Every structure is written in C-alpha cells, then in structure tokens.
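Coordinate analysis (summary)
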Amino acid sequence: MKELEINHVYKDYNLSNKTKFNALNDICVSFDKGELVSIIGESGSGKSTLMNLIGGLDSDYSGEIKIGGIDLKTFKEKQLDDYRKKKIGFVFQSFNLIPHLSILDNVTIALTLSDVKESVKLEKAKAILKKLGLENQLKKKPTQLSGGQKQRVAIARALMNDPDIILADEPTGSLDSQTTLQILNIMKEIADEGKLVIMVTHSEKVASISSRIVEIADGKIVDDRQNENYKKDNLKQDKLVTTDSNANVKKKEKHLSFISALRLSLHNMWASRTKNFLMALGVTISLISMILMLAFGSGLTSYIDSLASSYSSPTIVTINKKTSSADNPMGAIMDLISPQSFTDEEIDEVVNQINTYLSQQHSEIDYTVNKEQLGKGYSIMTSASAGNANIEFQLGEDTKKSDIFYLYSTPPYYGEEQLLAGKLSKGESLDEETGETVGEVMLSSKIATEMGLESIEEALGKIVTVNVNYSINDVLVNIQQKCKITGIVNVNMFKDSLILYIDYDYLESLVNEQGATLSPTALYINTDNENTTNIINNFLSTTDNYTGSVENQMANMFSEMMSTFSVALAIIAGISLIVAMIMILVVLYMSVSERTREIGVLKSIGARKHDIKKIFTTESFLIGLFSGFVGIVFSAVVGGILILLFNSLLGFAPLSFRWYYFALALLLSVIISILAGLYPASKAAKLDPVESLRHE
Ligand code: ADP
Ligand code: MG
C-alpha cells in the first residue's frame, strides 16, 4: 500500500452556461513516502487542479484518492478539515502569508488552529524557522522579507503540523534561480526525512533535482519516470522536522480557542485601526443619543414629579383661575407668576360647576363641595407689582434685611420635604419677650440666608418686621408688621426664590385694616379622599376658566412635552443604532472580501468553517466592546458638560445618569455588532478555499 493512491480521477469544472470543462481525465498514479515528485506540464494542463484534490481543498471529483489506504470521499467535513490540518502542508507560488501577522505568528497560526499550548507552539516555530535560516526575522511582517525568505516562512508554516505530505504548487515560480535552488534543497531535505513532497513546476531544472517526474498534458498523465541521478541524503543530523515535540502536538485534538481567536482578531483590528476607530465613533453617536435619552427621560421625570408634588396633598384640590393663554407653557408660567383673583361670583360659579358635575356624573361618590369650607390662598409676585416688600430685623447696630419677591399665603398642606423645619404659619402668635401679639411667617431658605440666618435654630422663633407696600385692588396698602418665624420652607422649584409665607386670614385682616379687600387667587377643597380629588381635578382640566393647581397644569404640560421629546430621542437613537449596525455590517463585509485570500490560506492549513466564523464573530464582538467603551466615555463626557451647562443656566440639571444606562449601552453595542457580524462571518466561513486562494 502506497502513501497516496489516485485511481481514475476525473474533474469537471462547471462553466456558467451549464457546460462543463474537463480538467482531469482518468488520472491514475500513486506516490510513496520519501519521494520528491515534480509534476510538470503546460499552463492549464491541470496541475493545480490535481494538487487541490489531493490537498482536500476540492471535493468535487469522481474517482478515488486514498491516503494510507483510506478514501478521501469517506471523510466527513470535520475529518477533511483535520486531514488538511495534520496530514497536508501547503506551499504556494505566491507564498500566501497573512500580511498583518508577524513572521512568527504566520508560522504559529498553523498550530493556533489546533489550540496547542503557547509555549510549545513558540518553541516549535522558532526551531523550524531557525533551521530555515530565519531566526532573525521573527518580528518582521511578510512585506519586509525577500521572496526566498517569504517562501521559507511558508514552508515553515507547512511543516508546523508535521504533515506526511507537502504539496507545493510552483513554489519557486516567483523566485530567482539562486533562491530557487535554496528552496529546492529544503524540499529535498524534507523528502529525505521521509515525507512525500509533491511539487508543481514548469522548470526542467527544478524537475531534474527531484526523484520522480510526472508529466500532465490536457488533464492526462503522459509521462511518469524516476530520476536515475537522484541521491537520497540520509546522513543529515539536524533534521528539519523534530518528531519529539510533535508528540505533544498530536495528542491535542482541540480547535481554535477563544483566546487565540481573540488574538487573531486583535491583530486584524490593529491592522485596520483607523477604520475601526472611525466605525466605533459612528456607533458612539448612537450610544450617546441613547444614553442621553435615558438620562433626560429619568431626569425630567423626577424633576417634574418633584414639581408636581411640591404643593399637592393627595386629598386637597387646588383651584386656580385660568387665562386664555394658559394652554401653552408660557401662559401657564404667567398664571403662576401673577395669578388672577377670584371674585365672589366666580367662586360660586366654580363650586356650582363642580357640584353639578359630581351629582350628574359621579353620584356614586356622593360628595358635595361646601362653599363655606373652601380654603383660600393668595399669592403675588411683589417684585413684579408696583411697590416693594421686604423683611428685616435688628442685630445690634446692624439691620439684617432681605427683599421679598413672592408673598404667598400658607398652603393648606406641606410635606416634610417642603417644610424643612418648624411648623406651618397660622395667624397670630405671642412674642414672649415683649408680650406683644405678632404674626406668623414662614421663610424660604433663601430669605433666611439672605438675612444672615444661617442655621435653622437661629431662624426659628426670631421676631422680624415685614414691610409690604403695593396696591391691592387699586388700594395702596402699607403693611408694617412684626412677625415670628415659625418655619423654613424648601420647595424644589423655588429653591432660589425669596418667598414669604403668611396665613391667608391673617393677611386679609392686615389688608382690611388698610381699607382694601383681599380676593383669593387659589381655592382649596379638602376632600379627604384621593379618588374624589382626582375626579375633581380631571373635571377642572376640562373647564375653560379654571384649572387644578397651576403647578400641576405645568407639570402635566411638561410631562407631555417630555414624552414627545423622549419619543423623538428614542427614534433618533433607534435610527442611529440601525445605521451603526449597517455600518458595522458593511465594514465587516468589506473586510471579508479584503481577506478572502487569507481565509483561503486558513482553510488550506485546516481551519474549519467554525474557526473562520469564530474569528469574524470575535472581531465583531471586539468592535462592539470597543465601540461600547468609546461610546460610554463620550457619553459620560457629553453628559458631564450638559449637567454643568444646565446647572449654570437653570440651576438644576434635568438629566440623571444611572450606571445601568452605560451597561445597557455597552450590551446593546456588543449585541448589534455581533448581529451585524453574523452575515459577514457566515459568508467568510462559506467561502470556497480553492476560489479564495485564487482571489486577487
Ligand atoms: P495548471 O495549474 O496546470 O496551470 P489548472 O489546474 O489551474 O492548470 O487548470 C486546469 C484547467 O482547468 C485550465 O484550463 C483552467 O482554465 C481550468 N480551470 C481551473 N479552475 C477553473 C475553474 N474554477 N472554473 C473553470 N475552469 C477552471
Ligand atoms: Mg497552476
């Protein structure tokens, strides 16, 4: 039994127009170990075709090709991959080295596909490269070597797996005569060490050095002769192929490991780093928009929630008057700054409207608003009206003073968050020191600090003088009233405002003393029931002249704006994610065609479809990871800048970042990259090895 037996092999190429081209016609030949065979013949005679069949790169033929007595046809895909990997070493005319890998990596890659231990791999590659005189070239890239050197690297790669058969398709075709001789001697050495070397050539000189010459013409063997002058050289001590370290290698039956795939991909990515970085930037834009969308979404929501909850108790209905322009945010803001007063008739009207509505539409809740029990509220932006208002107290020689921008009646309800300390101001109180009756006021924390009352303890109980000069219902009032500070208020929305709170009835009595009358700008109904509150609030939002609290109205308006805004951002983020995905797909797809030849080489040295897929998928995974990181960093920077900007412009930032937005962005980036890489990866895996090797 010969090492390689070829019996009645026919090969037809399918041409496009359903005709066939017969490239090999009844080939019968066998070869044994230790032979150095030259296959000669005219260009187009079928030499390469035969080599591809022997090498297991092309399985589409008829007839028998037996290796060690086993027919190649019986091999499953996996066995064929293993056959290429372990039994065959390929050497090509155009060297087919992988340009972005170093010489050493180009050689070790043969074992990388078998997942051999790194140290074993390196040791072996260095040993072989040394014997081929390349020990000083390990770190170089293929383009930095001469033709003869490149071919020696290719031979080293072919020898890495200790194959039984070396197939060399015109290995000296691109070399000058001197280097040709060098390569031939190496080939002879390999054969003399007991391997079968089959070499395609059309040089008579090359053929004359080999032990046997087989001539092909038009797909047929026309001559097969032994070379009488061939001398086997068995004396060489320093063998090219060291079998002891092979023992290590052959035991392992694993394939390309993830780490090796990672290394290969990193090499690839580094080789085209500019392209990859630009692509990552593209993905980054979509990630930034996504993260910002989430940050704005949650930031605005919590801000608006805090706005809306500032005033509202779930059981209290606040009624404000609505101006015609209140349906847009600016109108609502105007209503908030300078609210309109209710006349008595209007109070009757709104109470009647509510009661009618309740009795007709919601008889089930059996609730009627009692006009006598309505709470009243008053608010004015004193700084915007003619006149002024301030608050002061005497500290030794100093007068501590603050302007009052907003004068509010004590709201019927303040939660703990809003009432920072103390209690709600209610009417009158007693000044213990003088025995005088004084009013009660609450201050916004801003007024307290303005007057130099830094600590709450200092502020609470302090007697101050409140001066208010402005016109109410066309009567200029001039109030000068001693008051005791009963509470410090801190409402999110008005954090930085100078607000004084005073009881409505008490303020009314002060105004009345001045000969003016106070009309409420807000009405409060305490329903003691959340459901009823909601029903009335909903009803108010349908009326023309009244509204629930202006704050609520604004909050609702902003919520609406925000959801529109979020949807817009989500659409932008979604579109840009899709664009990013297409971009990755295109880049990877292009990379597949750029690296078609490389894929062919990998397949010729035994890469399985799965390995190729793994390399490309790993690459898309890395691209996703890398883009994700770049995206996160950029988003954090952009987010930080936005927060600073908003804080300096508005005093608050309507965006809040959570760690999981970044995690989500990273995850999404990896997922879309891997998805985008699926198609190119499977395309690469499916490439036909023979065609890829021929690819220019
Ligand atoms: P050689 O290597 O001896 O120059 P090849 O084995 O490459 O010749 O080709 C043998 C014949 O088969 C040539 O005529 C060539 O045109 C043809 N051939 C090779 N590959 C293909 C292919 N993929 N499709 C069609 N014809 C092909
Ligand atoms: Mg050829």
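Residues numbered from 1 in each chain as written. Chains lettered and ligands numbered in written order. Predicted model: local features only at pLDDT ≥ 70, side-chain atom pairs only at ≥ 80, totals over all residues. Heavy atoms only, no water.

Side note on the overall build of the chain
Of the regular secondary structure elements, the chain holds 21 helices and 24 strands. Taking 26 Å as the expected radius of gyration for a compact globule of 696 residues, we find that the chain reaches 44 Å, considerably beyond that expectation. Seen along its three principal axes, the alpha-carbon backbone of the chain occupies a region of about 135 × 65 × 40 Å. Expressed as a percentage of its 696 residues, the buried residues of the chain come to 52%. The contacts in the chain between residues at least 6 apart in sequence include a share of 78% that link residues at least 24 apart. As displayed, the chain has an accessible area near 32,100 Å², and 54% of this comes from carbon and sulfur atoms. Where the 67 positive side-chain charges of the chain centre and where its 82 negative ones centre are 20 Å apart. (Helix = DSSP H or I, 4+ residues; strand = E, 2+ residues; numbered from the N terminus. Rg over C-alpha atoms; globule rule 2.2 N^0.38 Å. Buried < 20%, exposed > 50% of the residue type's maximum accessible area, 1.4 Å probe, protein only. Contact = heavy atoms within 4.5 Å. Areas by Shrake-Rupley, 256 points an atom, 1.4 Å probe, with all protein chains shown as cover. Lys, Arg positive; Asp, Glu negative; His and termini not counted. Charge placed at Lys NZ, Arg CZ, Asp CG, Glu CD.)

Thoughts on the sheet that holds strand β24 (residues 546–547)
Within a sheet, each strand pairs with its neighbour through backbone hydrogen bonds, oriented either parallel or antiparallel. Overall, antiparallel pairing links the four strands, which are arranged β12-β23-β11-β24 in an open sheet. Looking at strand neighbours, the two that pair on one side only are β12 (375–377) and β24, the edges of this open sheet. Inspection of the sheet shows strand β11 (residues 316–321) paired to strand β23 (residues 522–526) by five bridges, in the antiparallel sense. Bridged to Ile316 within β23 is Asn526. (Pairing = 2+ DSSP bridges.)

Concerning the sheet that holds strand β3 (residues 36–40)
Pairing is mixed across the open sheet formed by six strands, whose spatial order is β6-β7-β8-β3-β9-β10. The outermost strands of the open sheet, each flanked by one partner alone, are β6 (88–92) and β10 (220–226). Averaged over all adjacent pairs, the angle separating strand axes in this sheet is 15°, with direction ignored. Note: β3 against strand β9 (residues 212–217), four bridges, orientation parallel. Looking across to β9, one finds that Ser38 is bridged to Ile213. Lying over the sheet, helix α5 (residues 147–159) contacts β6 and β7 (165–169), oriented at roughly 170° with respect to β6. (Axes fitted to C-alpha atoms, helices over the stretch in contact; angles between N-to-C directions.)

A word on the pattern of salt bridges
Counted by the stated rule, this structure contains 24 salt bridges. With a shortest N-O distance of 3.9 Å, Lys87 and Glu3 are connected by a salt bridge. Remark: Glu3 occurs in the segment before β1 (4–14) and Lys87 occurs in the loop between α2 (77–86) and β6; sequence separation between them is 84 residues. The class for Glu3 is buried, based on a relative accessible area of 8%. Its salt-bridge partner being Asp348, residue Lys371 comes within 2.7 Å of it at the nearest N-O pair. Within this pair, whereas Lys371 is found in the loop between α12 (344–361) and β12, its partner Asp348 is found in helix α12, the two being separated by 23 residues in sequence. Taking relative accessible area as the criterion, Lys371 reaches 34% and is therefore assigned partly exposed. Three or more residues joined by partner-sharing salt bridges are found here, namely Asp105, Glu118, Lys121 and Arg263. (Salt bridge = Lys/Arg side-chain N within 4 Å of Asp/Glu carboxyl O.)

Some words on the site of ligand 1
Taken together, 13 residues lie near ligand 1, and Gly44, Lys47, Ser48, Thr49 and Arg694 sit nearest. The backbone of Lys47 places a nitrogen or oxygen atom 2.9 Å from an oxygen atom of ligand 1. Within the side chain of Thr49, an N or O atom sits 2.5 Å from an oxygen atom of ligand 1. Burial of ligand 1 by the protein amounts to 72% of the accessible area it has alone, namely 550 Å². Breaking the shell around ligand 1 down by element, the ones donating at least two residues are β2 (20–31) and α1 (47–54). Of all the elements, α1 adds the most residues to the shell around ligand 1, at three residues. (Near = heavy atom within 4 Å. Polar contact = N/O pair within 3.5 Å; in protein donor to acceptor, adjacent residues only side chain to side chain.)

Observations concerning the confidence of the model for the chain
For the chain, per-residue confidence averages 86 on the pLDDT scale, and 94% of positions sit at 70 or higher. Contacts for the low-pLDDT stretch residues 244–252, under 50 throughout, to residues beyond four places or in other chains number 15 contacts. (pLDDT = per-residue confidence, 0-100.)

Let's talk about the domain arrangement of the chain
Each domain of the chain was delimited in the assignment, giving domain 1 (4–253), domain 2 (269–304 + 559–694), domain 3 (312–375 + 527–548) and domain 4 (379–519). Each of domain 1 and domain 3 has a C-alpha centre, and the two are 92 Å apart. (Domains from an automatic or database assignment.)

Observations regarding the packing of aromatic side chains
Each aromatic ring pair is described using two quantities: the centre-to-centre distance and the angle formed by the ring planes. All told, the structure shown has twelve aromatic pairs when counted by the stated rule. Between Phe277 and Phe626 the ring centres are 6.4 Å apart and the planes differ by 55°, which places this aromatic pair in the tilted class. In this pair, Phe277 is assigned in helix α10 (residues 273–311) and Phe626 in helix α19 (residues 609–650), connecting sequence segments 349 residues apart. Judged by its relative accessible area of 37%, Phe277 falls in the partly exposed class. Accessibility expressed as a relative area gives 35% for Phe626, which makes it partly exposed. For the ring pair Trp659 and Tyr660, a centre distance of 5.7 Å and an interplane angle of 85° mean the geometry is edge-to-face. (Phe/Tyr/Trp six-rings, centres within 6.5 Å; stacked < 30°, edge-to-face > 60°.)

A word on a nonpolar patch on the surface
Where nonpolar side chains cluster on the molecular surface, the patch consists of Val633, Phe634, Val637, Ile641, Leu645, Leu649 and Leu650 and spans about 670 Å² of accessible area. Following the sequence through the fold, Leu649 ends up in helix α19. Take Leu649: its relative accessible area is 67%, and that puts it in the exposed class. (Patch = residues over 30% accessible without salt bridge, like charges linked within 9 Å, V, L, I, M, F, W, Y side chains within 5 Å.)

A closer look at the environment of Gly55
Among the structural elements, Gly55 can be located in the loop between α1 and β4 (62–67). Take Gly55: its relative accessible area is 0%, and that puts it in the buried class. Spatially, the C-alpha atoms of Gly55 and Lys87 are 8.8 Å apart, while their sequence positions differ by 32 residues. Once you skip the residues sitting within four places of it in the chain, Gly55 turns out to touch Tyr83, Arg84, Ile88, Phe90 and Leu167.

What about the packing of helix α9 (residues 258–271) against α19?
Here α9 crosses α19 at 65°, and the two axes come no closer than 8 Å. Handedness of the α9/α19 crossing: right-handed. On the side of α9, the interface is formed by Phe258, Ala261, Leu262, Leu264, Ser265, Leu266, Asn268 and Met269, while α19 contributes Lys614, Ile615, Thr618, Glu619, Phe621, Leu622 and Ile623. A per-class count over the contact of α9 with α19 returns ten nonpolar, three polar and two charged. (Left-handed = near helix turned anticlockwise from the far one by under 90°. Nonpolar A, V, L, I, M, F, W, Y, C, P; charged D, E, K, R; others polar.)

Things to note about the nonpolar core
Formed by 38 residues in total, the largest nonpolar core has its most connected members in Val91, Leu129, Ile155, Ile166, Met187 and Ile190. Elements that contribute at least two residues to this core include exactly α3 (103–112), α4 (118–131), α5, β7, α6 (177–192) and β8 (196–200). In contact with Val91, other than residues within four places in its own chain, are Gln151, Ala154, Ile155, Ala158, Ile166, Leu167, Ala168, Asp169, Pro171 and Met187. Grouped together as the second largest cluster of nonpolar side chains are 34 residues, Ile391, Tyr470, Ile502 and Leu507 included. (Core = buried A, V, L, I, M, F, W, Y, C linked by side-chain atoms within 4.5 Å.)

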